[in-house]
Amino acid sequence: MVTKRNYKLTPSTYGFKVEMWNDFGMKRTVYENNVMDSSKVVMDWWESSKQEFDKMKCEQKVLNNLVKKEV
């Protein structure tokens, strides 16, 4: 798998805007007070990215089944 992990840290009026992407192409944006907290959020999200992806796939299957039942 090609690693797509990336992040962008932008100063904002709230501290720092943190935009991050994981290996599955998922994106998350959060606001943190300082650079250290921002780094921790990025690392924690990357570590849990497989779980997040699996959870999203499961939710998508449930939604698809609900749509099929409606049709």
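Quick note: structure is the one above.
Worth saying up front: this structure is predicted, and the values here are computed from it rather than measured.

Evaluation of the coordinates by the stated rule reveals three aromatic pairs. A ring pair is formed by Tyr 7 and Trp 46, whose centres lie 6.2 Å apart and whose planes are at 65°; its orientation type is edge-to-face. Note that Tyr 7 is positioned in strand S1 (residues 6-12) and Trp 46 in helix H1 (residues 35-47), a separation of 39 residues in sequence. Judged by its relative accessible area of 12%, Trp 46 falls in the buried class. Plain terms: the ring middles of Tyr 14 and Tyr 31 are 5.7 Å apart, the flat faces sit at 75° to each other, and that makes the pair edge-to-face. Of this pair, Tyr 14 sits in the loop between S1 and strand S2 (15-21) while Tyr 31 sits in strand S3 (residues 27-32), and the two are 17 residues apart along the sequence.

A word on the nonpolar core. Formed by Val 18, Met 20, Met 26, Val 30, Val 42, Trp 45, Trp 46 and Phe 53, the largest nonpolar core amounts to eight residues. Looking at this core, the elements that each hand over two or more residues are S2 and H1. Take this core: its biggest share by element is three residues, from H1. When neighbours within four sequence positions are excluded, Val 30 is seen to be in contact with Phe 16, Lys 17, Val 18, Met 20 and Val 41.

Taking 1.5 Å of rise per residue, the 13 residues of H1 would be expected to cover 18 Å, and the 18 Å separating its terminal C-alpha atoms lies within 8% of that figure. Buried-residue contacts for H1 involve S1, S2, S3 and helix H2 (49-70). The N-cap of H1, judged by a side-chain oxygen 3.2 Å from the amide nitrogen of Met 36 a few residues on, is Asn 34.

As a further point, take the sheet that holds S3. Spatial strand order, S1-S2-S3: three strands in an open sheet with antiparallel pairing. Two strands bound the open sheet, and with one partner strand each, they are S1 and S3. Here the average twist between neighbouring strands, direction ignored, is 15°. Pairing of S2 with S3, which is carried by six bridges, proceeds in the antiparallel orientation. Bridged to Phe 16 within S3 is Glu 32. Packed onto the sheet, H1 meets S1, S2 and S3 and runs at close to 20° relative to S2.

Basis of the calculations
- Residues numbered from 1 in each chain as written.
- Predicted model: local features only at pLDDT ≥ 70, side-chain atom pairs only at ≥ 80, totals over all residues.
- Heavy atoms only, no water.
- Phe/Tyr/Trp six-rings, centres within 6.5 Å; stacked < 30°, edge-to-face > 60°.
- Helix = DSSP H or I, 4+ residues; strand = E, 2+ residues; numbered from the N terminus.
- Buried < 20%, exposed > 50% of the residue type's maximum accessible area, 1.4 Å probe, protein only.
- Core = buried A, V, L, I, M, F, W, Y, C linked by side-chain atoms within 4.5 Å.
- Contact = heavy atoms within 4.5 Å.
- Expected span 1.5 Å × (residues − 1).
- Polar contact = N/O pair within 3.5 Å; in protein donor to acceptor, adjacent residues only side chain to side chain.
- Pairing = 2+ DSSP bridges.
- Axes fitted to C-alpha atoms, helices over the stretch in contact; angles between N-to-C directions.

On their own, these measurements won't tell you what the molecule is for.
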